[in-house]
Amino acid sequence: MTRLKVDGVSKVYKEKTALHPCSFEAEAGSCVVLCGGNGAGKSTLLQMIAAISIPTTGTTIIDDINIKDDRESYLKKIGFMPDDFYAQEMMTVEEFLNFYGAFRKVKKERVNQVVELIGLTDKRRELVKSLSKGMRQRLIFGQSILAEPAVLLMDEPTNGLDPYWVNRFVEIVNEVKKSGTTIVFSTHMMDVAAETGDLIVFMKQGEVIEKIVRKGTVEETTIQLMKLHRQ
Ligand SMILES: Nc1ncnc2c1ncn2[C@@H]1O[C@H](COP(=O)(O)OP(=O)(O)OP(=O)(O)O)[C@@H](O)[C@H]1O
């Protein structure tokens, strides 16, 4: 079943084309990884799927709901982890997750489950301001998966994570996929892309250069992506 359809989405800022028309589809329980260097258009694309930015052309559809027809229902389907999330410093970890969970009517048990999953159980009563960068990143990741969204969108989710948590991130993404959630995220880590992506969209200067449907081993895919980076 097609869960997400990105249909000819583009973005032009004044004279600058940040993203040329881009299209792809993703099944329920699959993962699309956006790769490419700085300024490739990854964040621009994620922000349009997340309904934060309006496309110049094209549209996005989740479970047959076109954002242009029913924005409210569309938004209910999404979890979003931006790359510049302002985390309320004076809340505890638990308060922070309860706060965001309340918007989506998330049960207390789910909050506990997420705290465990992101490895912050022993920090749950500590203030956000006392967390390290990587712990904050895990907290913001936790916020995005709280409501078990149909589509999970993440902008550079592995930034600031240590190698243990990068591996855990890969494991968690693969677990979240099994639950039926469709995931789209951007990363500069080629091995993470190769380990999680069913479809890897390689972008350069606002254009999709290649769409890789993963078939080979993780190593083969990583090498393929590194070659694209060097071009
Ligand atoms: N608000 C804006 N106004 C004008 N140009 C913008 C704006 N936001 C982004 N751009 C431009 O759009 C292009 C794509 O930027 P984008 O942030 O999507 O890239 P990215 O692939 O996420 O890069 P990075 O890996 O550095 O985060 C860049 O050339 C950028 O300068």
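Residues numbered from 1 in each chain as written. Predicted model: local features only at pLDDT ≥ 70, side-chain atom pairs only at ≥ 80, totals over all residues.

**Some thoughts on the site of the ligand**
Formally: Defining nearness, a residue is near a molecule or strand when the C-beta atom obtained from its backbone falls within 6 Å of it. Numbering of helices and strands runs from the N terminus; a helix is a DSSP stretch of H or I covering at least four residues, while a strand is a stretch of E covering at least two. Any residue that is not Ala, Val, Leu, Ile, Met, Phe, Trp, Tyr, Cys, Pro, Asp, Glu, Lys or Arg is counted as polar, Gly included; the first ten are nonpolar and the last four charged.
If you check the shell around the ligand, you find Tyr 13, Lys 16, Ala 18, Gly 36, Asn 38, Gly 39, Ala 40, Gly 41, Lys 42, Ser 43 and Thr 44 and nothing else. Of all the secondary structure elements, the ones that give two or more residues to the shell around the ligand are strand 2 (16–27) and helix 1 (42–49). Considered class by class, the residues forming the shell around the ligand number three nonpolar, six polar and two charged.

**With respect to the sheet that holds strand 2**
Rules: Between any two strands, pairing holds if DSSP finds at least two bridges. It is the C-beta atoms, placed from the backbone, that decide contacts: two residues are in contact if theirs lie within 7 Å. Note on definitions: angles span 0 to 180 degrees between N-to-C directions of axes, and those axes are lines fitted to C-alpha atoms, for helices only across the stretch in contact.
Spatially, 2-1-4-5 is the arrangement adopted by the four strands of the open sheet, whose pairing is antiparallel. Single-partner strands in this sheet number two, and they are strand 2 and strand 5 (65–66). Pairing analysis gives five bridges linking strand 1 (residues 2–13) to strand 4 (residues 57–62), with the strands arranged antiparallel. If you follow Asp 7 over to strand 4, its bridge partner there is Thr 59. Contacts between helix 1 and the sheet are confined to strand 1, strand 2 and strand 4, with strand 1 contributing the most and set at about 120° to the helix.

**Let's talk about the environment of Glu 220**
Examined against the element boundaries, Glu 220 turns out to sit in helix 8 (residues 218–230). As a C-alpha pair, Glu 220 and Lys 129 span 91 residues in sequence and 41 Å in three-dimensional space.

**A short note on the UniProt feature "domain: ABC transporter" (unreviewed entry) in the protein**
The line we're drawing: UniProt positions are given in the numbering used here, feature names are shortened, and annotations may be inferred rather than shown by experiment.
Those places that UniProt annotates as "domain: ABC transporter" (unreviewed entry) correspond, in this numbering, to residues 4–230. Between the first and last C-alpha atoms of residues 4–230 the distance is 30 Å; the span itself is 37% helix and 27% strand.

**Things to note about the sheet that holds strand 7 (residues 151–155)**
The strand order across the open sheet formed by six strands is 6-7-8-3-9-10, and the pairing between neighbours is mixed. Only two strands of the sheet have a single neighbouring strand rather than two, namely strand 6 (78–81) and strand 10 (207–213). This sheet shows a mean twist of 15° between the axes of neighbouring strands, independent of strand direction. Sheet analysis places strand 7 next to strand 8 (residues 182–186), joined by five bridges and oriented parallel. Each residue of the ladder has a partner; that of Met 154, found in strand 8, is Phe 185.

**Points about the packing of helix 3 (residues 93–103) against helix 4 (residues 108–117)**
Here is the rule we go by: The scheme is simple: roughly parallel for angles under 35 degrees, roughly antiparallel for over 145, roughly perpendicular for 65 to 115, oblique for anything else. A crossing counts as left-handed when the near helix is turned anticlockwise from the far one by less than a right angle, and as right-handed when that turn is clockwise.
Contact geometry of helix 3 with helix 4 gives a least axis separation of 10 Å together with a crossing angle of 130°. In this view, helix 3 runs oblique relative to helix 4, as classed from their interaxial angle. Crossing geometry of helix 3 relative to helix 4 is assigned as right-handed. Along its contact with helix 3, which presents Val 93, Glu 94, Leu 97, Asn 98 and Gly 101, the element helix 4 presents Val 111, Val 114 and Val 115. Partitioned by chemical class, the residues of the contact of helix 3 with helix 4 number five nonpolar, two polar and one charged.

**Section: unusual backbone geometry**
Positive phi is not limited to glycine here, since Glu 148 has a value of about 45°. For Glu 148, the position within the fold is in the loop between helix 5 (133–145) and strand 7.

**Description of the pairing of strand 8**
Put simply, the rule reads: Every C-beta atom is placed from the backbone, and the number of other C-beta atoms within 10 Å of a residue's own sets its class: buried at 20 or more, exposed at 12 or fewer, partly exposed in between. Clockwise travel from the first strand over the helix to the second, with the strands pointing away from the viewer, marks a crossover as right-handed.
Most of strand 8 is tucked away, with five of its five residues classed as buried. Handedness of the crossover joining strand 7 and strand 8 through helix 6 (residues 163–178) is recorded here as right-handed.

**Things to note about the environment of Ile 78**
Note that Ile 78 resides in strand 6. Expressed as a C-alpha distance, the spacing of Ile 78 and Arg 214, which sit 136 residues apart in the sequence, is 25 Å.

**Observations concerning the packing of helix 3 against helix 5**
One can describe the packing of helix 3 onto helix 5 by two numbers: an axis separation of 9 Å at closest approach and a directional angle of 25°. By the angle between their directions, the pair helix 3 and helix 5 is classed as roughly parallel. Helix 3 and helix 5 meet at a crossing whose hand is right-handed. Residue-level contacts link Val 93, Phe 96, Leu 97 and Tyr 100 of helix 3 to Leu 139, Gly 142 and Gln 143 of helix 5. Among the residues making up the contact of helix 3 with helix 5, the classes are represented as five nonpolar, two polar and no charged.

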